[in-house]
Each structure stands twice: as structure tokens, then as C-alpha cells.
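# Working through the structure, step by step
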Amino acid sequence: MSHPTTLNPNDKPSGSKPGIVYSEMGEFDILSHYSRLLGEDPSKSMPIAAIESLCALCDGIEANTIHELLSTIQLGSDTLKEAVPNAISLTAGCDLFTKFITRHSHDDPRDFDTFKKKLQSNGHLFAQRARKARSIVAENGLKVVTNNPVIFVHGYSRCVMAILLNAREKGRKFKVICTETRPSCQGLRTAKELRAAGISVAVIDDNAVTYAMNKATFALVGAEGTLTDASIINVMGTQNVALAARNIDRPFYVATETHKFVDMFPVDQYMIPVKQNVIVFDPEGVEGAMSQEELTFVDYVDPKYITSFVTEMGLMSPTMVGDKIITTRLEG
């Protein structure tokens, strides 16, 4: 008896479109599902949207064996990574979900239909737990927001916002210095939302990072991804903030959920797996900096500049983070 098979991402049918999972079991537009989830809920992070998209893929494509189910999940993960220009953050979600499902696939599958439903139910439960992580990060962040600090932030991070808004609700007194974060102007969004919550914010030009850091108690940024060596990938300019903080001995904290930990080891700024044309000599018709498409440019920050990570597991040193990622790899 022959079984339906999934297709290799490089062996797609002619006329195939990016972001669609093709198999003999059916087709599923995982990119559209992923994009819709992010569009419907701006508070949803990319790893969570990726996990929920893989859950939907499992629900939408009929698999008849464990091999088909696991192959479908892997193909969905690869398809999604291929279709998104900056796949750092969603890679963490895809890899974590794949390891979770693989780990449970060793259970006794005498009744495959029952087993598959249990596996998919576990997948949805996993996504639900991951969604709760940010609120726990917000609580753990109270450990650093003490003694009426001036907090330096850069870009727009949902985890950072959760910490600051939670601290405000809990009656903590503090002020915020926020960069504009051009050209994306993510920092202006941060400032607007913080001010709406009654938090005092000073918005500065990106060129004033070193000047303004002298007035800050510590820096607090988010992360699109945390890599195996405990370095982070975040919006462009984060490295400048880290350098300025290090230069005058200001703590540099990173707020992130552990489902953004990625088993990846880049060597430097130019080895990260993100396509971005930051430096382009003599582009036609462009006088200033190159414009950004879809996503903002990202930065690599060396772990030696990071004081501590604020996660749902508590405050973690860079060494603890690296050990956690390696342990997860071995468990998978």
C-alpha cells in the first residue's frame, strides 16, 4: 500500500507560489495564514504566529502515518522560513514546535487517529503556553524597574512594553528615554503608547544615544531572536545602544520569551541569515540611505555587552541562556 508523500521545498510543482505547502495530501497556504494571524492581532509575536500556523497546517492536511505528519510539519516550517525575508524570529517558533512534536511522536501509536488528535492537541496547548510567557516576563521585569530609574529603550518591543506598562500599573515610578529608531520610527510608537499610559518619555534623535545614555540608569531592549552564544538579533541601532551602555557601565538588559531562543551561531554582524541591503554603493536614483522593504534592518549584539536577560524563567545571565539553548538542542 502506497502512502501520500510530502514534497521537498526544492521540488515544487510548476507554477507554485511562495508560502504554500504542496503535498499529495493537499495544499495549505501557510504564509497567508501566518500573515493573517499577525494582521488580526498586532500584539502577537512572530514565533507564536509560526507555531499556530503549523498547528493549523496539521489540522488542515490529512496525514495517515507519523512519518507523514512529521514530514508535513517540517515542510511547513521550511516553506514559511523560505517565504519570509527576515525569518530569525519565526525560526525559533518553528524549531521549538518541531522538536516538541518530534519528542511526543515516540509515544505508542497503535491507534494513529487517536494519537494524531492527541499530538495536535498538545501542539495547540504548547502554543497557548507560549502566549502566556510575555505576561510572566512582565512580572519578572519588576526586578529591574526599581528605585525610580530612568530607562533607555530602543525600537518597539512587546516584551519591553509589557514590563513598563506592568510596572506602571504596580505603582513603580520611572521615566523613559526613547530613540526615534529611524527610518522605521518604531521608537515613536513606543513613546506614544507609553505616554498614553501616563509614563514620562523623552524622545531623542538616534544620533544622541551616547549623549543621552549618561542620563539613564540602565538600557532595556527586546530581541527578535536570541542565538546559541547568547548574542541577540534586534532592530538596527541596538548595537550602538549596547556599546554606549558598556562605555559608561550602565546595565544592558534584554527582555524576551524563551521561545525566541534560536539554535543558530553567527560569527558577526554580516553572518546573520537575514537579507538586507544596508550598504549599497552608488544606487541609482537614491540620494540618502537605502529604503527598507517590509521589515526593518536588524543588528547583531555580542553577549559580552548584555548584563542579563529578563525571561519567563526569571533573570538569566548570557551563560545561562547559552546553556539553555544547547540543552534544548540535546533534548530534541
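Relevant structure appears above.
Residues numbered from 1 in each chain as written. Predicted model: local features only at pLDDT ≥ 70, side-chain atom pairs only at ≥ 80, totals over all residues. Heavy atoms only, no water.

### Looking at the nonpolar core
Residues Leu-90 and Phe-97 are the most contacted members of the largest nonpolar core, which totals 30 residues. Elements with a minimum of two residues in this core: helix 1 (30-40), helix 2 (46-60), helix 3 (66-83), helix 4 (88-104) and helix 5 (112-140). The leading source of residues in this core is helix 2, at nine residues. Counting residues in hydrophobic clusters, the runner-up holds 26 residues, among them Ile-177, Ile-204, Ala-230 and Met-316. (Core = buried A, V, L, I, M, F, W, Y, C linked by side-chain atoms within 4.5 Å. Buried < 20%, exposed > 50% of the residue type's maximum accessible area, 1.4 Å probe, protein only. Helix = DSSP H or I, 4+ residues; strand = E, 2+ residues; numbered from the N terminus.)

### Observations regarding the sheet that holds strand 7 (residues 225-226)
With antiparallel pairing, the three strands of this open sheet are ordered in space as 7-8-10. The two strands at the open ends of the sheet, each matched to only one other strand, are strand 7 and strand 10 (298-301). Across four bridges, strand 8 (residues 232-235) lies against strand 10 in antiparallel orientation. Counterpart to Ile-232 in the pairing with strand 10 is Val-301. (Pairing = 2+ DSSP bridges.)

### A closer look at the packing of helix 2 against helix 3
Direction vectors running N to C along helix 2 and helix 3 enclose 140°, while the axes themselves pass 10 Å from each other. Taken together, the axes of helix 2 and helix 3 lie oblique to each other. Every pair of crossing elements has a handedness; the one defined by helix 2 and helix 3 is right-handed. Residue-level contacts link Ala-50, Leu-54, Leu-57 and Cys-58 of helix 2 to Leu-69, Thr-72, Ile-73, Gly-76, Ser-77 and Leu-80 of helix 3. By residue class, the composition of the contact of helix 2 with helix 3 is seven nonpolar, three polar and no charged. (Axes fitted to C-alpha atoms, helices over the stretch in contact; angles between N-to-C directions. Parallel < 35°, antiparallel > 145°, perpendicular 65-115°, else oblique. Left-handed = near helix turned anticlockwise from the far one by under 90°. Contact = heavy atoms within 4.5 Å. Nonpolar A, V, L, I, M, F, W, Y, C, P; charged D, E, K, R; others polar.)

### Considering helix 1
Looking at helix 1, one finds that the buried residues are Ile-30, His-33, Tyr-34 and Leu-37. What you see down the axis of helix 1 is that its buried residues fit within an arc of 100°, all on one side. (Arc of directions from axis to C-beta.)

### Points about helix 7 (residues 186-196)
Looking only at helix 7, the buried set comprises Gln-186, Gly-187, Thr-190, Ala-191 and Leu-194. Along helix 7, the residues classed as buried sweep out an arc of 135° about the axis, all on the same side. Exposed residues pointing more than 90 degrees away from the buried face of helix 7 are listed as Lys-192 and Ala-196. Gly-198 lies just past helix 7 and shows a positive phi near 85°.

### Structural notes on the pattern of salt bridges
Under the defined criterion, the tally for this structure stands at eight salt bridges. Here Arg-134 and Glu-257 are joined by a salt bridge, their closest N and O atoms 3.5 Å apart. One end of the pair, Arg-134, is in helix 5; the other, Glu-257, is in the loop between strand 9 (252-255) and strand 10, and 123 residues separate them in sequence. We classify Arg-134 as buried; its relative accessible area is 17%. Of the charged contacts in the structure, one is a salt bridge between Glu-139 and Lys-170, with a shortest N-O distance of 2.6 Å. Remark: Lys-170 occurs in the loop between helix 6 (158-169) and strand 4 (175-179) and Glu-139 occurs in helix 5; sequence separation between them is 31 residues. (Salt bridge = Lys/Arg side-chain N within 4 Å of Asp/Glu carboxyl O.)

### With respect to the sheet that holds strand 12 (residues 314-316)
Within the open sheet, the seven strands sit side by side as 5-4-3-6-9-11-12. Their pairing is mixed. Edge positions in the sheet fall to strand 5 (200-204) and strand 12, since each has one partner strand and no second. On average, each strand axis in the sheet is inclined to that of its neighbour by 25°, with strand direction left out of account. Taken together, the two bridges between strand 3 (residues 150-153) and strand 6 (residues 218-221) define a ladder with parallel strand orientation. Following the sheet pairing, Phe-152 is matched in strand 6 by Ala-219. Sheet strands touched by helix 6: strand 3, strand 4, strand 6, strand 9 and strand 11 (308-311). Its angle to strand 6, the strand with the most contacts, is close to 125°. Strands strand 3, strand 6 and strand 9 of the sheet are contacted by helix 9 (residues 238-247), whose axis makes an angle of about 145° with strand 9.

### Some words on unusual backbone geometry
In the segment running from Arg-182 into Pro-183, the intervening peptide bond is cis, with an omega of 5°. Residue placement: Pro-183 occurs in the loop between strand 4 and helix 7. Positioned with a positive phi, Asn-148 is a non-glycine residue whose angle comes to about 55°. For Asn-148, the location among the structural elements is in the loop between helix 5 and strand 3.

### With respect to the pairing of strand 4
Strand 4 sits mainly inside the fold: four of its five residues count as buried. Across four bridges, strand 3 lies against strand 4 in parallel orientation. When the bridges of strand 4 are listed, Phe-152 appears paired with Ile-177. Crossover strand 3 to strand 4 through helix 6 is right-handed. With helix 7 bridging strand 4 and its parallel neighbour strand 5, the resulting β-α-β unit is right-handed. (Right-handed = clockwise from strand over helix to strand, strands pointing away.)

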